[in-house]
Amino acid sequence: MSLRPAPAPAMTSAEALHPKERRSRRFAWIGMAASLILFSASLVVLWHVVSGIDVDELKTAFTAASLRQIGLAILLTAVSYSLLTCYDAIALRQIKVHIPYRTTALASFTSYAVSFTLGFPLLTAGTVRYWIYAPRGLSAGRVASLTVIAGVTFWLGMALVLAWSMIRQADEVASLVYTNIWINQLVGLIAAILVVGYLGWVSLKRRAVKIQGWRLELPGFRLTVAQMLIGAADVCAGAAVLFVLLPGGHNIGFETFVAIYIFAVMLGVASHAPGGLGVFEATILLALSSYPREPVLGALLLYRLCYYLVPFVVALAFLGAYEIRNRIKSSRAAFTESEDQGETEAV
């Protein structure tokens, strides 16, 4: 009787994974757990903060905003979303694709308005962009590259404004969030070092990164500076929407407020909640806890309405009109083609 070696036990799916893949999956699970913890903790804080709010006072605070405040909020929202269209314009220039600005503006505005409200920006914004850019010849890989470059613009702008406000207004921020002045200045200095370091890194030579197997070339010095300035202007415009809706007499400088706003946005992004819902509000309410809660919460509700809900509804209307127009054009083209074929057969 011949002896045969026992067959090797079948590898499980986890064992078959490459060590790097296993590590990335582990980090993904850790990140998801951290996001859930952050979101849950923010909901608890938010509930604790708003549980003692008088509903009648909240209604009064919500409707107390003047027409001037609402008009400024709408204008600043339009400015912010207009600047967001520049994100796509810069990204398209980087990947060397020429697309008319009206198409770029439609894709950028609708993708951001949808992703801000629904969350999961890589999925939602990427899907909307692909829907609009694919007929123009952009592949899924190029749309993904565009989305990443636009994201870099956002974070560069955030870091630049955070560095400026935390270094200049470290004492006022400390009085609001009960931190040390030196800690705030250190945060601002780290943000400044990261911005300058990144700018220097992409200036020395062409830089590229690999993400999920595809290569992305990063913008050089001039485009990176443009990214920083446009991103910073957009962040300031977004912060100004909420700032002008706050009740009068708060005595908070805009530079101080924008630092609080950035921290709220960053925590909202980290929570993966749609639009940072709950996390953003909890952060703002905690930072402004020395002020009456009802007027601040009323301003936050109006901010959600102006900056998220209205653009979302407008974006859906634009997407619907875009799809209807494409269907009409396709129907006309098919009708014209059938007529031409009929005339050819008749001849």
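Our subject is the structure that appears above.
Read on for a plain summary of the structure. As the structure is a prediction and not an experimental result, all values here were calculated from the model.

Conventions we followed
- Residues numbered from 1 in each chain as written.
- Predicted model: local features only at pLDDT ≥ 70, side-chain atom pairs only at ≥ 80, totals over all residues.
- Heavy atoms only, no water.
- Buried < 20%, exposed > 50% of the residue type's maximum accessible area, 1.4 Å probe, protein only.
- Helix = DSSP H or I, 4+ residues; strand = E, 2+ residues; numbered from the N terminus.
- Arc of directions from axis to C-beta.
- Contact = heavy atoms within 4.5 Å.
- Axes fitted to C-alpha atoms, helices over the stretch in contact; angles between N-to-C directions.
- Parallel < 35°, antiparallel > 145°, perpendicular 65-115°, else oblique.
- Left-handed = near helix turned anticlockwise from the far one by under 90°.
- Nonpolar A, V, L, I, M, F, W, Y, C, P; charged D, E, K, R; others polar.
- Polar contact = N/O pair within 3.5 Å; in protein donor to acceptor, adjacent residues only side chain to side chain.
- 1 Å grid on protein atoms, 1.4 Å probe; cavity = no way out; pocket = protein on both sides within 12 Å on 5 of 7 lines; lining within 4 Å.
- Points joined across faces, edges and corners; volume = space filled by probe spheres on them.
- Phe/Tyr/Trp six-rings, centres within 6.5 Å; stacked < 30°, edge-to-face > 60°.
- Lys NZ or Arg CZ within 6 Å of the ring centre and 35° of its normal.

Attention now moves to helix H8 (residues 170-177). Within the sequence span of H8, burial applies to Ala170, Val173, Ala174 and Leu176. Across the axial projection of H8, the buried residues extend over an arc of 165°, all falling on one side. The inward-facing, buried residues of H8 contact helix H7 (140-168), helix H9 (181-204), helix H11 (254-271) and helix H12 (279-287). At the C-terminal side of H8, Tyr178 shows a positive phi close to 55°.

One way to put it is that H7 packs onto H11 with a least axis distance of 9 Å and a crossing angle of 140°. Looking at the two axes, H7 sits oblique to H11. Considering the relative orientation of H7 and H11, their crossing is left-handed. Contacts between H7 and H11 involve Phe154, Trp155, Met158, Val161, Leu162, Trp164, Ser165, Met166 and Arg168 from the former and Glu255, Val258, Ala259, Ile262, Phe263, Val265, Met266 and Val269 from the latter. Partitioning the contact of H7 with H11 into residue classes produces 14 nonpolar, 1 polar and 2 charged.

Within the fold, Gln94 resides in helix H4 (residues 67-94). From its side chain, Gln94 meets the backbone oxygen of Glu217 in a polar contact 3.0 Å long. At 3.3 Å, the side chain of Gln94 forms a polar contact with the backbone oxygen of Leu218. Sequence-distant contacts of Gln94, that is, excluding residues within four places in its chain, are made with Ile149, Glu217, Leu218, Pro219, Gly220 and Leu223.

By volume, the largest pocket is sized at about 960 Å³. As for the largest pocket, its lining consists of 35 residues, of which Phe116, Pro121, Phe154, Trp155 and Val269 are closest to the centre. Within the residue set of the lining of the largest pocket, elements represented by two or more residues are helix H5 (101-118), helix H6 (121-133), H7, helix H10 (221-245), H11 and helix H13 (293-346). When residues in the lining of the largest pocket are grouped by element, the largest group, 8 residues, is from H7. Here the residues of the lining of the largest pocket are counted per class, giving 23 nonpolar, 10 polar and 2 charged.

For the structure on display, the rule yields 20 aromatic pairs. Relative to Tyr308, the ring of Tyr307 lies with its centre 5.5 Å away and its plane at 70°, an arrangement referred to as edge-to-face. With a relative accessible area of 14%, Tyr308 lands in the buried category. One cation-aromatic arrangement involves Arg129 over Tyr112; the distance from NZ or CZ to the ring centre is 5.0 Å. The side chain of Arg304 reaches across the aromatic face of Tyr308, ending 4.5 Å from its centre.

All right, on to the packing of H8 against H9 then. Here H8 crosses H9 at 120°, and the two axes come no closer than 8 Å. By the angle between their axes, H8 is oblique relative to H9. Considering only the axes of H8 and H9, their crossing is right-handed. Seen from H8, the contacting residues are Ala170, Asp171, Val173 and Ala174; seen from H9, they are Ile181, Asn184 and Gln185. For the contact of H8 with H9, a count of residues per class yields 4 nonpolar, 2 polar and 1 charged.

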